Amino acid sequence: MMAFPVAVQVYSVRDDAKADLRGTLEKIKAMGYDGVEFAGLYGNSPKEIKAMCEEIGLVPVSAHVPYLDMVADPEGVLSQYAEIGVAYVAIPYLTEEYRPGQEKFAEVIENAKMLGKVAKTLGIQLLYHNHDFEFDKIDGKYALDILYEEVSADLLKTELDTCWVNVGGEVPADYIRKYTGRAPVVHIKDFFGKKSENMYELIGIADKRPARPDGFEFRPVGSGMQDVPAILAAAKDAGASWIVVEQDKPSMGLTALESIEKSIQYLKTVNV
């Protein structure tokens, strides 16, 4: 039996959610998921989203909110998610000028402190969701570690994406345990293939690049290269409250909905 509840990142089924959010949430609930993590509200108001989740029986665990949107209007943007009732909001992605090694990475560190404070006043915990570029080193340290050293744990906690931790060159289970007590939400994502310069097409970033560069693809949890039981055991040891399934793009001939259903079916078989 799983030691914690499982949510799904709605971005995994974004086309379905855009066409019919309520219907998609109902399908997610029927699959056996306990909660959802949002990445956009698909034209609905925070009040409507809150009501949908309550009526369907899904916990609105968290949300991915664009970094620049939050910086432009911290209280205005974050208050929308407070109205929904999420416990966590994550900085989901950094465009190139804000990444480690660029001058604006220093801004990210300071803004994370500011956003963390604003979030706290609204009853929300700020998280940071990594990709692989945070595993570039600055003076011998991973940029991701520098971020967590510079911003206090009460203001910024981790949302470690286990796929990108692996692609970044670290063992996901080990890295989760490194942040024991600071890892309330863990992204469990499976994949197959090797790191490629063109992988980000699969998350919708570089549209002009090939759809399946060098055979790299995201897969349903339990269908790829990840040691899922080890990741789940580490999440338990680290004190995680939620596991979030994410699959940026379907594969294996499955639809997006079929992919997340395959993931939850597998997770139900894992005893951790």
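Along its length, the chain carries 11 helices and 12 strands. For 272 residues, the compact-globule estimate of 2.2 N^0.38 gives 19 Å, and the C-alpha radius of gyration of the chain, at 17 Å, lies within 12% of that figure. In terms of principal-axis extent, the alpha carbons of the chain reach across some 45 × 40 × 40 Å. Here the chain, with 272 residues, has 56% of them falling under the buried criterion. Residue pairs at least 24 apart in sequence account for 79% of intrachain contacts in the chain once pairs closer than 6 positions are excluded.

What follows deals with the environment of Gln-9. Inspection of the secondary structure assignment puts Gln-9 in strand β1 (residues 6–9). Remark: the alpha-carbon pair of Gln-9 and Phe-38, spanning 29 residues in sequence, is separated by 6.0 Å. Of note is the side chain of Gln-9, whose polar atom sits 3.5 Å from the side chain of His-64.

Despite not being glycine, Asp-139 shows a phi value in the positive range, around 50 degrees. Within the fold, Asp-139 resides in the loop between β6 (137–138) and β7 (141–142). Within the chain, Met-252 stands out as a residue other than glycine whose phi angle is a positive 60 degrees. If you trace the backbone, Met-252 turns up in the loop between β12 (242–245) and α11 (256–267). The partly exposed category is assigned to Met-252, whose relative accessible area is 42%.

As a further point, take the pairing of β12. Burial along β12 is two-sided: Trp-242 and Val-244 facing one way and Ile-243 and Val-245 facing the other are all buried. Here three bridges tie β1 to β12, and the two strands are oriented parallel to one another. The partner of Val-6 across the bridge, within β12, is Ile-243. Judged from the four bridges that link them, strand β9 (residues 185–188) and β12 form a sheet pairing that is parallel. By the bridge assignment, Ile-188 is partnered in β12 with Val-245.

For the chain, the mean per-residue pLDDT works out to 93, and 92% of the residues sit at or above 70. Below a pLDDT of 50 lies the segment residues 207–213, which in the model reaches 14 contacts outside its immediate sequence neighbourhood of four places, other chains included.

Below, the discussion takes up the nonpolar core. Core analysis: the largest hydrophobic core is formed by 81 residues, its most contacted members being Tyr-81 and Leu-232. Among the elements that line this core, the one with the most residues is helix α6 (residues 105–121), at seven residues. If you look at the next biggest cluster of nonpolar residues, it comprises eight residues, including Ala-7, Val-61, Leu-127 and Val-244.

Rules used in this analysis
Residues numbered from 1 in each chain as written. Predicted model: local features only at pLDDT ≥ 70, side-chain atom pairs only at ≥ 80, totals over all residues. Heavy atoms only, no water. Helix = DSSP H or I, 4+ residues; strand = E, 2+ residues; numbered from the N terminus. Rg over C-alpha atoms; globule rule 2.2 N^0.38 Å. Buried < 20%, exposed > 50% of the residue type's maximum accessible area, 1.4 Å probe, protein only. Contact = heavy atoms within 4.5 Å. Polar contact = N/O pair within 3.5 Å; in protein donor to acceptor, adjacent residues only side chain to side chain. Pairing = 2+ DSSP bridges. pLDDT = per-residue confidence, 0-100. Core = buried A, V, L, I, M, F, W, Y, C linked by side-chain atoms within 4.5 Å.

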